[in-house]
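# Summary of the model geometry
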Amino acid sequence: QVHLVESGGGLVQAGGSLRLSCAASGSISIINFMGWYRQAPGKEREMVAGIGSGGSTNYADSVKGRFTISRDNAKNTVNLQLNSLIPEDTAVYYCNFRIRRTLLSAQETHWGQGTQVTVSS
């Protein structure tokens, strides 16, 4: 069983900052990808940022220069630093891990429970 636990959401004024974290536990041999997605009311879930096993990162255009993703392999943790927040960043944020339980097993995708980020104007 693989379990993801998110923390760090909340209410912040425009221009403020938040830091989200997501820790994975359970039977994990390899983490191929860690990422953050978000879903605002009435909208589809979209990828915000991702980081590969080698450390390469990618970001949605809307958050480039404001958000930073990082990973701690020793702790199976991914973090998202959100700076210069704007009301349009308001959404439920979900972490996403793509893992292999063993070297020979198929890749699995797991999601966190979601954490609310609300940015007031």
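For the structure itself, consult the block above.
Residue positions within a chain follow its written sequence, with the count starting from 1. It should be noted that, the model being predicted, local features are given only for residues of pLDDT at least 70 and side-chain atom pairs only at 80 or more, the latter also being counted only at that level, while totals for whole chains, interfaces and linings use all residues. Each side-chain value is worked out from all heavy atoms of the structure, with water and hydrogens disregarded.

## Here we look at the side chain of Arg 38
Here is the rule: The helix and strand labels rest on DSSP assignments: H or I over at least four residues marks a helix, E over at least two residues marks a strand, and numbering proceeds from the N terminus. Whenever two N or O atoms come within 3.5 Å, that pair is a polar contact, provided that in protein one can donate a hydrogen and the other can accept it, and provided that, for residues adjacent in sequence, both atoms are side-chain atoms. Two residues form a contact once any of their heavy atoms are found within 4.5 Å.
Examined against the element boundaries, Arg 38 turns out to sit in strand β4 (residues 30-39). A distance of 2.8 Å separates a polar atom in the side chain of Arg 38 from a polar atom in the side chain of Glu 46. A distance of 3.4 Å separates polar atoms of two side chains, one belonging to Arg 38 and the other to Ser 62. Apart from the residues lying within four places of it in its own chain, the contact partners of Arg 38 are Glu 44, Arg 45, Glu 46, Val 48, Ser 62, Val 63, Phe 67, Glu 88, Asp 89, Ala 91, Val 92 and Tyr 93.

## Focus: the environment of Ile 28
Tracing the chain through its elements places Ile 28 in the loop between β3 (18-26) and β4. C-alpha separation for the pair Ile 28 and Tyr 94, spaced 66 residues apart in sequence, amounts to 19 Å. Not counting the four nearest positions on each side in its chain, Ile 28 is found in contact with Val 2, Asn 76, Ile 99, Arg 100 and Arg 101.

## Some details on the pattern of salt bridges
Worth spelling out the cut-off: By salt bridge we mean one thing: a side-chain nitrogen of Lys or Arg within 4 Å of a carboxyl oxygen of Asp or Glu. Only protein chains enter the accessibility calculation, which uses a 1.4 Å probe; a residue is then buried when its area is under 20% of its type maximum, exposed when over 50%, and partly exposed in between.
Under the defined criterion, the tally for this structure stands at five salt bridges. Across the pair Arg 38 and Glu 46 runs a salt bridge whose closest N-O atoms are separated by 2.8 Å. What makes Arg 38 buried here is its relative accessible area of 6%. Here Asp 89 makes a salt bridge to Arg 38, at a shortest N to O gap of 3.0 Å. A residue pair is termed long-range when its members are at least 10 positions apart, and Asp 89 in the loop between β8 (77-82) and β9 (91-100) and Arg 38 in strand β4 qualify at 51 residues. Assigned by exposure class, Asp 89 and Arg 38 land together as buried. Several salt bridges converge on common partners, so that one network encompasses Arg 38, Glu 46, Arg 66 and Asp 89.

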